[in-house]
Structure formats: C-alpha cells, structure tokens
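Structural description and commentary
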Amino acid sequence: MASTLSEAYRDHPQFLHHIKPIDFSSVRSLPDSHAWPQNFVEEANGGGSGSSIPVIDLMDPNAEELIGFACEEWGAFQLKNHGVSLSLFEEVEAEAKRLFALPAKQKLKALRSPNGATGYGRARISPFFPKDMWHEGFTIMGSPFHDAKQIWPHDYAPFCELMENYQKQMKVLAEKLTGIILRILKISEEEAKWVGSSGSTGAVQLNYYPQCPEPNRAMGLAPHTDTSLFTILHQSQTEGLQIFKDQVGWVPVRPHPRALVVNAGDLLHIISNARFPCVLHRVVVNRVQHRYSVAYFYGPPLDYVLSSPLADEQARFRGVTVKEYIGIKAKNLGKAISLISTN
Ligand SMILES: O=C(O)CCC(=O)C(=O)O
Ligand SMILES: [Fe+2]
C-alpha cells in the first residue's frame, strides 16, 4: 500500500507525451497545440475584475471569524502577517527563476517519469484538456535530491536545502491554519489528532508561465481545483491567477507584496460537508512578463478517512481515504467530487 504521497501518485501513470513541455525559449509565435478557443480565454478580462478575495491579517483578533467567512464565501483569501519571513519567498522565487531559465536539455534531465510524481514537466492536469498550457512546473515531495541532482550534478545542495526549509516553514503555517479551520468546523480534537503528526502530506509545486506572444489565445493553467486540504501560494508580482465565483465570474487575485494566497482544496470541501467550496482557479498569461508561483499543498495522512464530521448533518459525501480520493481525482479530475457525492 502507498505510504507516501509520491507512491500514491505512482499508482496513476501518465504517458510521456503528456509530461514534456515545449521549449518556450525557442518559440516566437503561438503554436496550434497551444491555441485555445478564443472565447475560452477572453472572458478572462470580463466578469469579476472589480471584485477581490478578502485580505486577512493573521494577527487580527478577529482572524478566525474572518477566515471562516472567507472560506465560506470565497474558498480563498490572502493572508498577511503570517509569520514567515519575506526573504524566504524571495530566495525561493530566485531559485525557481534559476531553474526555469536553464536550457531545455538540462531541465529535461529531471523530467517526471510516467509513474512518477516529482520533477520537471507539464501540469498533471494536462491530459484532461485538448490544448497545451503556457506553463512549466517542477514538483517536490520531501527531498528534491534525486531530481535536483540530475539537473545540477555538483551544485544541487543549495536548491535542496532551501526547498526542504521552505516545506518545513510552510508545514508550520499550514498546521496553524488547520487548527483555526478545524475549530471553525467544530471538528473534535480526537478527529484532528493527525495535525502536527509526521503523516500529514505536503508537496511543493514551482510554476513558471513565460511571457506569451498571443496571451488572449493561450492558457497558463487551465481551470481546476486543488487536491489538498488547502494550498498556500506565493505568487510573484505579476498578475495572472484568477478564481471563479458563482454569479460573478473570474476574479483576479492581485499580487500583494507580503501576502500569501490560501485556496480551499477538495479535501476541505469534503470534510466541511460542502460548507466551504473548493475554489476553481486558473492562470492567464501576458505578453511582457514572466510569471512565477510557488504552491504548497497540504493535507491529512493518506489513510485518513475523509468523512463529514457533524453527527446532526446529513453526510454529503461517502467516506473515502485521502489515498482513494487522490486515485479518483487522478482518473476523473473535475468530476471527482460528484463521484463521491451521496446525492
Ligand atoms: O500559479 C498560480 O498562481 C496557481 C498555481 C496553481 O493553481 C497550482 O499549482 O495548483
Ligand atoms: Fe491550483
């Protein structure tokens, strides 16, 4: 049985042509493979551009209440005064830039394998969409040693140390946020025993969206929800992330120099018995600037049973383990939630 996150993904192989990105540095016009239907991308600029998700100060005495409201209403918020030093994000962003600026040949040395979860490549959601995304990614679960060593045989240590430190610091913040969220949901301490244990699951995804010759016909990252309890995202100072809000449309998440974006994922939607939406989000690209982001996906241990917690409520989902849900999502993407729904 899979006992680590990367083993859980290994059970769901992808085909190699779904992994290798094009060499963006040599592309001068938008290839047909990356040209999305015009209306698909254009609505990017309409709809919800006047709205924005709440910005919450973690030190605010009302932070818990504000987080509860944001999770219910938006499934997302920006978090400031989170206690993690700005220099850590600067360092991680600089390493992401250094990595993605390498020649394609060197990055491909760490190409994710068909049944692998980590390394360099296209987004995992790629096979579900008819067109390719204007994006490259690098996925880390635990130590990135194996993949980093392929890219930098002698100089992997600074990258590895920084990424391990980043995961440690994000885990501490994720545990703090989980404590708050579980209190809001009135989940018992017994149910929440996994928080702070070594079994909790975490992964880092470095994302790169190169500047694009025809941004109105390209898609950085197609609409999806995250397979996490929640995701903590650092974005560079380049716009592109949007979240979808019912009756409003696509709402931009404008970069805030000291704030992190927190997105509710599928697992939070399930354990909140659908009280919190798992937020649909996507990334659009632009003509002049490269965009970078660093996502930290956090969740309970793989064998944790995701059940709706409150005895007086009718369960909206059948009980599945985190590992089973990862399998359902890997095969069905956006339909996964409805497949475990009880109605
Ligand atoms: O780049 C972003 O802002 C979002 C990245 C994202 O949604 C993901 O990695 O799942
Ligand atoms: Fe995402």
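Residues numbered from 1 in each chain as written. Chains lettered and ligands numbered in written order. Predicted model: local features only at pLDDT ≥ 70, side-chain atom pairs only at ≥ 80, totals over all residues. Heavy atoms only, no water.

This paragraph deals with the packing of aromatic side chains. Under the definition given, this model contains 13 aromatic pairs. A centroid spacing of 5.1 Å and a plane angle of 50° characterise the contact between tryptophan 152 and phenylalanine 159, whose relative ring orientation is tilted. You'll find tryptophan 152 and phenylalanine 159 in the same group, each marked buried. On the basis of an interplanar angle of 65° and a centroid distance of 5.1 Å, the ring pair of phenylalanine 244 and tryptophan 250 is categorised as edge-to-face. On the basis of relative accessible area, phenylalanine 244 is assigned to the partly exposed category, the value being 33%. Grouping aromatic residues by their ring pairs yields a cluster made of Trp194, Phe230, Tyr296, Tyr298 and Tyr304. Over the aromatic face of tryptophan 74 sits the side chain of lysine 245, whose NZ or CZ is 4.7 Å from the ring centroid. Taking NZ or CZ as reference, arginine 282 lies 4.1 Å from the ring centre of tryptophan 250, over its face. (Phe/Tyr/Trp six-rings, centres within 6.5 Å; stacked < 30°, edge-to-face > 60°. Buried < 20%, exposed > 50% of the residue type's maximum accessible area, 1.4 Å probe, protein only. Lys NZ or Arg CZ within 6 Å of the ring centre and 35° of its normal.)

Our next topic: the layout of surface pockets. In this structure, the largest pocket spans a volume of roughly 850 Å³. Around the largest pocket, the lining is made up of 50 residues, and of these Tyr9, Arg124, Ile125, Thr227 and Phe297 lie nearest the centre. The set of elements that each furnish at least two residues to the lining of the largest pocket consists of α1 (5-10), β4 (136-140), β5 (201-209), β6 (221-224), β7 (230-235), β11 (281-283), β12 (291-299) and α9 (322-332). Sorting elements by how many residues they give to the lining of the largest pocket places β12 first, with six residues. Tallied by class, residues from the lining of the largest pocket come to 25 nonpolar, 19 polar and six charged. (1 Å grid on protein atoms, 1.4 Å probe; cavity = no way out; pocket = protein on both sides within 12 Å on 5 of 7 lines; lining within 4 Å. Points joined across faces, edges and corners; volume = space filled by probe spheres on them. Helix = DSSP H or I, 4+ residues; strand = E, 2+ residues; numbered from the N terminus. Nonpolar A, V, L, I, M, F, W, Y, C, P; charged D, E, K, R; others polar.)

A word on the site of ligand 1. Around ligand 1 lies a shell of 14 residues, among which Asn207, Tyr209, His281, Arg291 and Ser293 are the nearest. In the environment of ligand 1, an oxygen atom lies 3.2 Å from a nitrogen or oxygen atom belonging to the side chain of histidine 224. Between ligand 1 and arginine 291, the relevant distance is 3.0 Å, taken from an oxygen atom to a side-chain nitrogen or oxygen of the residue. Against a free-state accessible area of 300 Å², the protein chains account for coverage of 95% of ligand 1. (Near = heavy atom within 4 Å. Polar contact = N/O pair within 3.5 Å; in protein donor to acceptor, adjacent residues only side chain to side chain. Areas by Shrake-Rupley, 256 points an atom, 1.4 Å probe, with all protein chains shown as cover.)

Geometry only, nothing functional implied.
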